[in-house]
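A structural walkthrough
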Amino acid sequence: MEYRIANENDIEALALVMKKSYSEEPWNEVWSDEKAQRRIRSIMSNFEFTGLVAIDKNEIIAGVLGFVDPYADSDFFFVSELFVVTEYKKKGIGRELMKELEIILKEKGISVIQLMSIDNNKEFYQKIGLQQDEVSVMYKVLE
């Protein structure tokens, strides 16, 4: 298994992996190629984007993507996406991507990682050291 920094040449492959990952339980989402690529491009265009990919047999099989979110007293890193294709889940790849990301962020002087997750993934994130704060996501669907 190889881990490396994601770049714009990875957009199509990342989109396919994300699309495949989210088409299965518990998400069951249907992504078009165009929408998935837009999502990846959108994340990559954020302030101080950082992303990592996991590669096996010369193919991207997982990714973690996010950006720096400056705040008053320190910079946070917001993880927009972490996905692993099904056949590679529960093999430590997500954990390793997050571990590698932490090393990069510490070198940049960033000491806080933030993300939003569905309940099904809370156990995984807690196992790798993330804690849940008291902030609730507020939203409104515009009709």
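Our structure's up above, just so we're on the same page.
Attention here is on the structure that accompanies the text. Note that this is a predicted model, so its numbers are computed, not measured.

1. What to know about the overall build of the protein
- Secondary structure assignment for the protein yields four helices and five strands.
- The helix and strand sequence of the protein, counted from the amino end, reads β-α-α-β-β-β-α-β-α.
- Taken over the C-alpha trace, the protein has a radius of gyration of 15 Å; the compact-globule value for 143 residues is 15 Å, and the two agree within 12%.
- Taken across its 143 residues, the protein has 37% of its residues classed as buried.
- Once local pairs closer than 6 in sequence are excluded, the contacts in the protein between residues at least 24 apart make up 58%.
- A distance of 4 Å separates the average location of the 18 positive side-chain charges in the protein from that of its 26 negative side-chain charges.

2. Topic: the packing of aromatic side chains
- Going through the model one piece at a time under the given rule, you end up with five aromatic pairs.
- Relative to F83, the ring of Y22 lies with its centre 6.3 Å away and its plane at 75°, an arrangement referred to as edge-to-face. Of this pair, Y22 sits in helix α1 (residues 11-22) while F83 sits in strand β4 (residues 75-84); the two residues are 61 residues apart in sequence, bridging distant segments of the chain.
- With a relative accessible area of 10%, Y22 lands in the buried category.

3. Overview of the sheet that holds strand β3 (residues 59-70)
- Read across the open sheet, the five strands follow the order β1-β2-β3-β4-β5; overall the sheet is mixed. Two strands lie at the open edges of the sheet, namely β1 (2-5) and β5 (112-115), each paired on one side alone. On average, each strand axis in the sheet is tilted by 25° relative to the strand beside it, whichever way the strands run.
- Bridge count between strand β2 (residues 50-56) and β3: seven bridges; the pairing is antiparallel. In the strand pairing of β3, L52 is matched with V64.
- Together, β3 and β4 form the strand contacts of helix α2 (residues 33-44), whose direction differs from that of β4 by roughly 155°.

4. A word on helix α3 (residues 93-107)
- With 15 residues, α3 ought to run about 21 Å at 1.5 Å a step, and its terminal C-alpha atoms sit 21 Å apart, in line with that.
- In this structure, the buried side of α3 is in contact with β1, β2, β3, β4, β5 and α4 (122-127).
- Among the residues trailing α3, G109 stands out with phi positive, at a value near 80°.

5. Thoughts on a nonpolar patch on the surface
- On the surface, M116, V137, Y139 and V141 cluster together to form a nonpolar patch covering roughly 510 Å² of accessible area.
- Residue position: M116 is located in the loop between β5 and α4.
- Classification of M116 by relative accessible area gives exposed; the value is 55%.

6. Some details on the nonpolar core
- Counting 39 residues, the largest nonpolar core has L14 and I40 as its most contacted members.
- Beyond its immediate sequence surroundings of up to four residues, I40 is in contact with I11, L14, A15, M18, L65 and F83.

Cut-off values and rules
- Residues numbered from 1 in each chain as written.
- Predicted model: local features only at pLDDT ≥ 70, side-chain atom pairs only at ≥ 80, totals over all residues.
- Heavy atoms only, no water.
- Helix = DSSP H or I, 4+ residues; strand = E, 2+ residues; numbered from the N terminus.
- Rg over C-alpha atoms; globule rule 2.2 N^0.38 Å.
- Buried < 20%, exposed > 50% of the residue type's maximum accessible area, 1.4 Å probe, protein only.
- Contact = heavy atoms within 4.5 Å.
- Lys, Arg positive; Asp, Glu negative; His and termini not counted.
- Charge placed at Lys NZ, Arg CZ, Asp CG, Glu CD.
- Phe/Tyr/Trp six-rings, centres within 6.5 Å; stacked < 30°, edge-to-face > 60°.
- Pairing = 2+ DSSP bridges.
- Axes fitted to C-alpha atoms, helices over the stretch in contact; angles between N-to-C directions.
- Expected span 1.5 Å × (residues − 1).
- Patch = residues over 30% accessible without salt bridge, like charges linked within 9 Å, V, L, I, M, F, W, Y side chains within 5 Å.
- Areas by Shrake-Rupley, 256 points an atom, 1.4 Å probe, with all protein chains shown as cover.
- Salt bridge = Lys/Arg side-chain N within 4 Å of Asp/Glu carboxyl O.
- Core = buried A, V, L, I, M, F, W, Y, C linked by side-chain atoms within 4.5 Å.

Fair warning: the whole summary comes from geometry, so function is off the table for now.
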